[in-house]
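# Per-entry structural report
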Amino acid sequence: MIKAIGYRAAQALIVAALIGVLTFLMMRALPGDIAFRIAAGRYGYDAVNAAAAEAVRQELNLDQSALAAFFQWFGDLLRLDFGRSVISGRPVVEEIRHQLGASLQLAGAALAISLFIGPPLGVLAGLRAGGWLDRSLLVVSTALRSVPQFMLGLLLIVIVSIQLRWLPPAGYGQVAHFILPATTLALGLAAVSARVARDAMAGVASSSYYAFGRWKGLDEGQVFRRHGLRNIGVPLVTFIGLQLVMLVEGVVVIESIFAWPGIGHALVHAIFGRDVPMVQATALMLGIGFVALNALVDLLTHWIDPRGAQR
């Protein structure tokens, strides 16, 4: 286990270096005058002019070479100094702390809803493979996964917010604002987690040790708790960990649709505004978060797996 943790730590350092280099190169490769874009992000496109762009260029020393700028950023990173946003002027760490908190709240709500819906239905379908619930779940899960998340979000806004007027279409700060974006993310997660739980449960239910549990006189609840739960937990936890990583992709789109002040929404605006310190720090935090999440999934699966527990 110590060896695995050391491997993940080394992986995090490699990911951090690659993300830093790639984001720096991609931001430099974007077309247009970076000083003009930053000035427009500060003052608005109607108020910006050549003098404002030149003032930003001198203030941020944008005339220096790309190599010098990269080594300056890398040196600051070694001192754990992520710099300041060139648009707002606030420390990047403070910006990310606020935005990442909002994204984690949304992702946590979506994950909780999906776990309440998907795995229980998948377990029930797996216990009765080929039944009406199993066939219905296959149709519904396939349909949900085939619909892009942005389209599902817009559909919920049109029906629930505009037509029925039950919930606000966008916003942040109240419980009602969570429901539509979290549900949009949760439906896609639940569709796949239900199929993963179903396939795992069907395989366990048809195994010899599960049948032996019934033969010993255990009722269905006891057999499931003793022989089924931990065995289906390994693929389910692995899938959930991968989906948490994929949530970032969905959060970027969903936060933009529902005006959610999260890290995905902020990253899009930072790219358009050429806020290089913000883009680099955000991408770096997300990359290291992916590695940390994968390490956590490895630890959980090792603990849940009955075969690992016996070793």
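A quick note: this is a predicted structure, and the numbers were derived from the prediction, not measured. (Residues numbered from 1 in each chain as written. Predicted model: local features only at pLDDT ≥ 70, side-chain atom pairs only at ≥ 80, totals over all residues. Heavy atoms only, no water.)

### Looking at the confidence of the model for the chain
Across the chain, the average pLDDT comes to 76, with 80% of residues at 70 or higher. Predicted confidence in the chain is weakest over helix α13 (residues 306-310), with a mean pLDDT of 51, and strongest over helix α7 (residues 149-163), with 86. (pLDDT = per-residue confidence, 0-100. Helix = DSSP H or I, 4+ residues; strand = E, 2+ residues; numbered from the N terminus.)

### Quick word on helix α5 (residues 92-127)
What sets the pattern is the α-helix's 3.6 residues per turn: residues three or four places apart point alike. Between its terminal C-alpha atoms α5 stretches 50 Å, which fits the 52 Å expected from 36 residues at 1.5 Å a residue. Of all the bends in α5, the largest measures some 30° and sits at Leu115, one to four residues before the proline Pro119. (Expected span 1.5 Å × (residues − 1). Bend = angle between axes of the 7 residues up to and from the residue.)

### A look at the UniProt feature "transmembrane region" (unreviewed entry) in the chain
Per the UniProt annotation, the sites labelled "transmembrane region" (unreviewed entry) are residues 12-30, 106-127, 147-166, 178-197, 234-258 and 278-301. Across residues 106-127, the secondary structure splits into 100% helix and 0% strand, with the terminal C-alpha atoms separated by 32 Å. Between the end C-alpha atoms of residues 147-166 the distance is 23 Å, and the span holds 75% helix and 0% strand. (UniProt positions renumbered as here; feature names shortened; annotations may be inferred.)

### Notes on the pattern of salt bridges
The full count for this structure, using the stated rule, is 1 salt bridge. Asp199 is paired through a salt bridge with Arg198; the nearest N and O atoms lie 3.0 Å apart. With a relative accessible area of 16%, Arg198 lands in the buried category. (Salt bridge = Lys/Arg side-chain N within 4 Å of Asp/Glu carboxyl O. Buried < 20%, exposed > 50% of the residue type's maximum accessible area, 1.4 Å probe, protein only.)

### Some details on unusual backbone geometry
Here the phi dihedral of Arg165 falls at roughly 55°; this positive angle occurs in a residue that is not glycine. Among the secondary structure elements, Arg165 is positioned in the loop between α7 and α8 (175-205).

### Some thoughts on a nonpolar patch on the surface
A grouping of Leu155, Val158, Ile159, Ile162, Leu164 and Trp166 is seen on the molecular surface, where their side chains present a nonpolar patch of about 590 Å² in accessible area. Considering the arrangement of structural elements, one finds Val158 in helix α7. (Patch = residues over 30% accessible without salt bridge, like charges linked within 9 Å, V, L, I, M, F, W, Y side chains within 5 Å. Areas by Shrake-Rupley, 256 points an atom, 1.4 Å probe, with all protein chains shown as cover.)

### Regarding the packing of aromatic side chains
Aromatic ring pairs: the centre-centre distance and the angle between the two ring planes describe each pair. Taken as a whole and assessed by the stated rule, the structure comprises 2 aromatic pairs. With a centroid separation of 4.8 Å and 85° between ring planes, the pair formed by Tyr172 and Trp260 is classed as edge-to-face. Here Trp260 lies in the loop between α10 (220-257) and α11 (263-272) and Tyr172 lies in the loop between α7 and α8, a separation of 88 residues in the sequence. Trp260 sits in the buried class, given a relative accessible area of 0%. On the basis of an interplanar angle of 75° and a centroid distance of 4.8 Å, the ring pair of Phe178 and Trp260 is categorised as edge-to-face. With Phe178 in helix α8 and Trp260 in the loop between α10 and α11, this pair connects stretches of sequence that are 82 residues apart. Note on Phe178: relative accessible area 23%, which makes it partly exposed. The structure contains a cluster of three or more aromatic residues connected by ring pairs, namely Tyr172, Phe178 and Trp260. (Phe/Tyr/Trp six-rings, centres within 6.5 Å; stacked < 30°, edge-to-face > 60°.)

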